[in-house]
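Descriptive analysis of the structure
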Amino acid sequence: MYEDKIKEISLLSLEQFHKLPREIVAIDECYWLRDPATAYEAASGKFINAMIADNDGELYFSGEFVDSSYNGVRPILVLDVPGEGFSLYDSLEIHHFTWKVIEISHDEITVLCDTVIGRNIFNKYPKDYFDFCYHEGDKYYQVHFNNFEGSYIQNALKEWLQDPTKKMEYYGTDSIEEMKRDIDDQFRNMSKELGTELTDRCTELLLQKKCSGNEVFDFLFHQIRWLEQSVKTEIELFVRSKQ
């Protein structure tokens, strides 16, 4: 009934989120908003962290990296339908999902999906920090990968609207070869960071005589198992996305 009235598909904005009651925003899922994160743990977060809502309906102000593959996609639709006759939080059925009316105007209404329609990265970004910049003449600019306009997730939403039967799940890789490269990169980075951290910690413990050599070995063993499990999880998510 409303499928041919869709004017626009997007994600919930931070402003819209703040206007909604907890029972609407909390869906026991983490999902993307369309705004950049408003707090950053590092300067690069200004360009590669996007805002998310957690599974309790709370905002995570530091956001997450735009290529995080675990957050849900919870879209909003703008419908070319007069607002007369609708009330806030009325339910509509569109493309086999239930949507709540969250905004009403004279000539259109905005509806929010009751659940996520899948999982997707917000955007892709280069692994090399220097690729975060581009220049025009003698001026350099940094690329904001957490802009919704032109992002991977915006294009994915438009594609889903063309074929809502298509499963929306993408974990950031297009092929087995790319997956292997990504996992190799992640493993090397995690190993390097973890190795430095563990070396410092174990040295400190041994010097302070707070644990024995065997206890240090057990500690290292459990940390390595954790790293191994992280890699297995990445592989499982990729395989699931291709099924």
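Below you will find a few notes about this structure. (Residues numbered from 1 in each chain as written. Predicted model: local features only at pLDDT ≥ 70, side-chain atom pairs only at ≥ 80, totals over all residues. Heavy atoms only, no water.)

Looking at the nonpolar core
Grouped together as the largest cluster of nonpolar side chains are 32 residues, with contacts concentrated most on Leu79 and Val111. When residues of this core are traced back to their parent elements, those giving at least two are strand 1 (6-11), helix 3 (45-48), strand 3 (49-53), strand 5 (75-79), strand 6 (91-94), strand 7 (97-104), strand 8 (109-113) and helix 4 (152-162). By size, the runner-up hydrophobic cluster in this structure holds 16 residues, among which are Phe17, Tyr31, Leu33 and Leu59. (Core = buried A, V, L, I, M, F, W, Y, C linked by side-chain atoms within 4.5 Å. Buried < 20%, exposed > 50% of the residue type's maximum accessible area, 1.4 Å probe, protein only. Helix = DSSP H or I, 4+ residues; strand = E, 2+ residues; numbered from the N terminus.)

Quick notes on the packing of aromatic side chains
One pass over the full model with this rule turns up four aromatic pairs. In this structure, arginine 74 is placed above the aromatic ring of tyrosine 31, and the distance from its NZ or CZ to the ring centre is 5.2 Å. (Phe/Tyr/Trp six-rings, centres within 6.5 Å; stacked < 30°, edge-to-face > 60°. Lys NZ or Arg CZ within 6 Å of the ring centre and 35° of its normal.)

Concerning the pattern of salt bridges
Between side chains of opposite charge, a pair can form as their charged atoms come close. Applying the stated criterion across every chain yields a total of five salt bridges. For arginine 22, the salt bridge goes to glutamate 58, with nearest N and O atoms at 2.5 Å. Placement of the pair is arginine 22 in helix 2 (residues 22-25) and glutamate 58 in the loop between strand 3 and strand 4 (59-65), with a sequence separation of 36 residues. The partner of arginine 119 in a salt bridge is glutamate 29, with the nearest N and O atoms 2.6 Å apart. One end of the pair, arginine 119, is in strand 9 (residues 118-119); the other, glutamate 29, is in the loop between helix 2 and strand 2 (31-36), and 90 residues separate them in sequence. Arginine 119 gets classed as partly exposed once you look at its relative accessible area, which sits at 21%. Residue glutamate 29 is classed as partly exposed on the basis of its relative accessible area of 22%. (Salt bridge = Lys/Arg side-chain N within 4 Å of Asp/Glu carboxyl O.)

Overview of the side chain of serine 151
Relative to the helices and strands, serine 151 is located in the loop between strand 11 (139-142) and helix 4. A distance of 3.2 Å separates a polar atom in the side chain of serine 151 from the backbone nitrogen of glutamine 154. Every residue in contact with serine 151, bar those within four places of it in the chain, is listed here: Phe122 and Asn123. (Polar contact = N/O pair within 3.5 Å; in protein donor to acceptor, adjacent residues only side chain to side chain. Contact = heavy atoms within 4.5 Å.)

Overview of a nonpolar patch on the surface
On the surface, a nonpolar cluster with roughly 250 Å² of combined accessible area is contributed by Leu88, Tyr89 and Ile104. Relative to the helices and strands, isoleucine 104 resides in strand 7. (Patch = residues over 30% accessible without salt bridge, like charges linked within 9 Å, V, L, I, M, F, W, Y side chains within 5 Å. Areas by Shrake-Rupley, 256 points an atom, 1.4 Å probe, with all protein chains shown as cover.)

Digging into the sheet that holds strand 1
With respect to topology, five strands assemble into an open sheet ordered 1-5-8-7-6, the strand pairing being antiparallel. Strands at the two margins of the open sheet, each flanked by one partner only, are strand 1 and strand 6. If you compare each strand with its neighbour and ignore which way they point, the axes differ by 35° on average. Judged from the five bridges that link them, strand 7 and strand 8 form a sheet pairing that is antiparallel. Residue pairing in the sheet places tryptophan 99 in a bridge with cysteine 113 of strand 8. (Pairing = 2+ DSSP bridges. Axes fitted to C-alpha atoms, helices over the stretch in contact; angles between N-to-C directions.)

Points about the environment of glutamate 29
When the C-alpha atoms of glutamate 29 and threonine 115 are compared, they prove to be 8.1 Å apart, with 86 residues separating the residues in sequence. Not counting the four nearest positions on each side in its chain, glutamate 29 is found in contact with Ala53, Asp54, Asn55, Val116 and Arg119. Here the side chain of glutamate 29 touches arginine 119 through a polar contact of 2.6 Å, side chain to side chain.

Structural notes on the sheet that holds strand 2
The three strands lie next to each other as 2-3-4, forming an open sheet whose pairing is antiparallel. At either end of the open sheet lies a strand with only one pairing partner, and these are strand 2 and strand 4. Each neighbouring strand pair of the sheet contributes to a mean axis angle of 45°, computed without reference to strand direction. Sheet topology note: the strand 3/strand 4 ladder contains four bridges and is antiparallel.

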